[in-house]
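Breakdown of the fold
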Amino acid sequence: MGIMSINIIEDRLAILGRKGHWSIGVKIIEKRLQENIGSEKDKLLLLLASFLYHDSFKNRQYDINSNEGLIRSVRICEEIIKKGKSLKDNISINANIFLAQILATAGEKRAITIARRTHRILASPLSSNRLANVYEILGNVELAKKYYAEHERLSLKNGDKMAYVYLNLAVFYKNIGDIETARIYLKKMKTLKKDKFYKTASRAARLFFNKKTIQQSCG
């Protein structure tokens, strides 16, 4: 059997991620990294960091000093960042953004510095979303609101997958107890029924909201 292309691997990993099969994904990536992959290496390493990160929470241990999955994830991101030619390289941007998310999950306040610096250098829907997420994880609701609003604005400007954007915003407001604003974003999602991502976003909404809330918001 020939070597799978990076696109095929990414598609397979996406399916595994949706099913929560993180440890299987780790094995696939590690096997691929043993092959002659050339320029794909950093991209695969970042995927490995992501799968290690998610798999590390199966035992509900969030200590960055003892959780081996978190330790490896941080090390991978730091190595990619260290050898990056410029912070504006896509892979370096993604490594910085993901590192900030890992550190925030572990309660490390330096996550804010990393996320703010990355967003300042190259403001984008992704960097604003991750900065908002870092503030949310660390408990600064007002700054989380500010950067989620910026995420919405930049996403609209870029023509991003707005059904997902509105769902994510609805989930954020639900998590902070603002159900009315959550419903507003679910209603915005409803207006995008012709969007090719609407059906999957609508199905995902059922994981976060009860049937009554969805019916009242989306019909």
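A short tour of the structure in this document, coming up.

Calculation notes
- Residues numbered from 1 in each chain as written.
- Predicted model: local features only at pLDDT ≥ 70, side-chain atom pairs only at ≥ 80, totals over all residues.
- Heavy atoms only, no water.
- Helix = DSSP H or I, 4+ residues; strand = E, 2+ residues; numbered from the N terminus.
- Buried < 20%, exposed > 50% of the residue type's maximum accessible area, 1.4 Å probe, protein only.
- Contact = heavy atoms within 4.5 Å.
- Areas by Shrake-Rupley, 256 points an atom, 1.4 Å probe, with all protein chains shown as cover.
- Polar contact = N/O pair within 3.5 Å; in protein donor to acceptor, adjacent residues only side chain to side chain.
- Expected span 1.5 Å × (residues − 1).
- Core = buried A, V, L, I, M, F, W, Y, C linked by side-chain atoms within 4.5 Å.
- Phe/Tyr/Trp six-rings, centres within 6.5 Å; stacked < 30°, edge-to-face > 60°.
- Salt bridge = Lys/Arg side-chain N within 4 Å of Asp/Glu carboxyl O.

The helix and strand inventory of the protein stands at 12 helices and 0 strands. Going from N to C terminus, the protein has its helices and strands arranged as α-α-α-α-α-α-α-α-α-α-α-α. Out of the 219 residues belonging to the protein, those deemed buried represent 43%. Of all intrachain contacts in the protein linking residues separated by at least 6 positions in sequence, the fraction that spans at least 24 positions is 53%. When the accessible area of the protein is evaluated, it comes to approximately 12,600 Å², of which 50% is carbon and sulfur surface.

What follows covers the side chain of D42. Structurally, D42 can be placed in helix α3 (residues 41-55). Reaching out from D42, the side chain makes a polar contact with the side chain of K83 at a distance of 2.9 Å. Setting aside residues no more than four positions away along its own chain, D42 makes contact with I80, K83 and I91.

Note: α-helices contain 3.6 residues per turn, so residues at a spacing of three or four share the same orientation. For α3, with 15 residues, the first-to-last C-alpha span of 21 Å sits near the 21 Å given by 1.5 Å per residue. Residues D42, L44, L45, L46, L48, A49, S50, F51, L52, Y53 and D55 constitute the buried set of α3. On its buried face, α3 sits against α1 (6-19), α2 (22-33), α4 (68-83) and α5 (90-105).

This part is about the environment of G84. You can see G84 is positioned in the loop between α4 and α5. Here G84 is in contact with D89 and S92, once residues within four sequence places are set aside.

Where a protein is soluble and globular, its nonpolar side chains tend to be buried together. Counting residues in each nonpolar core, the largest one holds 58 residues, and the members touching the most others are L167 and M189. Per element, the largest residue contribution to this core is 10 residues, and it comes from helix α9 (residues 162-175).

Time to look at the packing of aromatic side chains. Applying the stated criterion across every chain, the model contains 8 aromatic pairs. Between F172 and Y173 the ring centres are 4.9 Å apart and the planes differ by 70°, which places this aromatic pair in the edge-to-face class. Assigned by exposure class, F172 and Y173 land together as buried. Through a chain of ring-to-ring contacts, three or more aromatic side chains come together here, namely Y148, Y166, F172, Y173 and Y185.

Enumeration over the complete set of coordinates arrives at 10 salt bridges. Among the salt bridges present, the one from E35 reaches R32, with a minimum N-O distance of 3.0 Å. Its relative accessible area of 30% is what places E35 among the partly exposed residues. Note on R32: relative accessible area 7%, which makes it buried. Each of R32, E35 and E40 takes part in salt bridges that share partners, so that together they form one network.

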